[in-house]
Amino acid sequence: MLRKLVSAVMAMLMVSAVAAVFAEGTETSRVTGSIEDDAYVLTVKLNPDEEGEWRADEMAQDDSVVRLAFSGVEGGVFTARYEPAGDGEVSVYLRHYNAHTCDEMLGFDLLVKDGKVQEVTGGSHTASPAEEELDPYFSGTWLEKDTQFTALEAAKRPGGGWDIAISSPMTHGAYVLRASAYYDCDYDAFVYADGVKYDLLPGEETEEKEAESGLWGTLRFAQTEDGLQLVWYGMEASGNEEVAFEAADETGL
């Protein structure tokens, strides 16, 4: 039974990253791409009640083929214009952010030749699964693999996302880290950026003393021979190492 459920959650995450090809003039959902005056223009029709915002890839790492000439919202439409910078092939991305995490990402593969964007050769579309689908696999108690020293508690928030608490006992670090996590389809992981780490002080009643704030980290599902795991990377909070957790029982699976 456990293996079937492990396969189900991994398949669900794979379905959220389905490739699609976006040709010139093709519209997918509310997104339209077209070649105009040798440049590639992407537009998104915005819903007035829509939460979050769209952002265009700024080509910070490589602007040798195209450059982002403009991106912004005018008249209820988000527009991004990529102008040719040199011959070659390049991929550009639109990302939709909600609660500081990416819940939808579209990629467009462009061919630039003779100083012009010639065609769109391919593309991709990735979207986060619904939180209601993820929650049964994430919420609950997780224990550090093998040692069970570190424990992780995840609970669904009414307004979206999850409250998480990662704690280590007095004999092994004596701390608890609390944060709000959201699933990010770009990272393919639960991401938090507001983590606060508290040192646990011994006494008749254990006290907490804030040690660090503004911590960032990820929690990613991983399938192993033993079943579903949750892998935590928490930068300084985890000693810049990954920590693997296993579900305390099968109630969350």
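Quantities reported herein were computed from a predicted structural model and do not represent experimental measurements.

## Here we look at the pairing of strand β11 (residues 140–144)
Of the pairings in the sheet, the one linking β11 to strand β12 (residues 151–156) comprises four bridges and is antiparallel in character. Across the sheet, the residue bridging to Thr141 is Glu153, located in β12.

## A closer look at the side chain of Ser180
Secondary-structure assignment places Ser180 in strand β14 (residues 175–184). Polar side-chain contacts of Ser180 include one of 3.2 Å to the side chain of Arg157.

## Considerations on the packing of aromatic side chains
Taken as a whole, this structure holds eight aromatic pairs when the rule is applied. Here Phe138 and Phe190 contribute two aromatic rings whose centre-to-centre distance is 3.8 Å and whose plane-to-plane angle is 10 degrees, an arrangement assigned as stacked. Remark: Phe190 occurs in strand β15 (residues 189–201) and Phe138 occurs in helix α2 (residues 131–138); sequence separation between them is 52 residues. The residues Phe138 and Phe190 share a single accessibility class, namely buried. Taken together, the aromatic side chains of Phe138, Trp162, Tyr183, Phe190 and Phe221 make up a single cluster linked through ring pairs. The ring of Tyr97 carries the charged tip of Arg55 above its face, separated from the ring centre by 4.1 Å. When the ring centre of Tyr175 is taken as origin, the NZ or CZ atom of Lys197, which lies over that ring, is 4.5 Å away.

## Here we look at the sheet that holds β14
Reading around the barrel, the eight strands line up as β11-β12-β13-β14-β15-β16-β17-β18 and close back on themselves, with antiparallel pairing between neighbours. The average undirected angle you get between the axes of adjacent strands in this sheet is 30 degrees. Relative to β15, β14 runs antiparallel, the two sharing eight bridges. Bridging across to β15, Leu177 finds its partner in Lys197. Seen against the sheet, α2 touches β11, β12, β13 (162–168), β14, β15, β16 (207–224) and β17 (227–233) and runs at an angle of roughly 20 degrees to β13.

## Quick word on the nonpolar core
Ranked by internal contacts, the top residues of the largest apolar core, which has 24 residues, are Phe138, Phe190, Phe221 and Trp232. Broken down by secondary-structure element, the contributors of at least two residues to this core are α2, β12, β13, β14, β15, β16, β17 and β18 (242–247). Looking at this core element by element, the count peaks at five residues for β14.

Conventions and cut-offs
Residues numbered from 1 in each chain as written. Predicted model: local features only at pLDDT ≥ 70, side-chain atom pairs only at ≥ 80, totals over all residues. Heavy atoms only, no water. Pairing = 2+ DSSP bridges. Helix = DSSP H or I, 4+ residues; strand = E, 2+ residues; numbered from the N terminus. Polar contact = N/O pair within 3.5 Å; in protein donor to acceptor, adjacent residues only side chain to side chain. Phe/Tyr/Trp six-rings, centres within 6.5 Å; stacked < 30°, edge-to-face > 60°. Buried < 20%, exposed > 50% of the residue type's maximum accessible area, 1.4 Å probe, protein only. Lys NZ or Arg CZ within 6 Å of the ring centre and 35° of its normal. Axes fitted to C-alpha atoms, helices over the stretch in contact; angles between N-to-C directions. Contact = heavy atoms within 4.5 Å. Core = buried A, V, L, I, M, F, W, Y, C linked by side-chain atoms within 4.5 Å.

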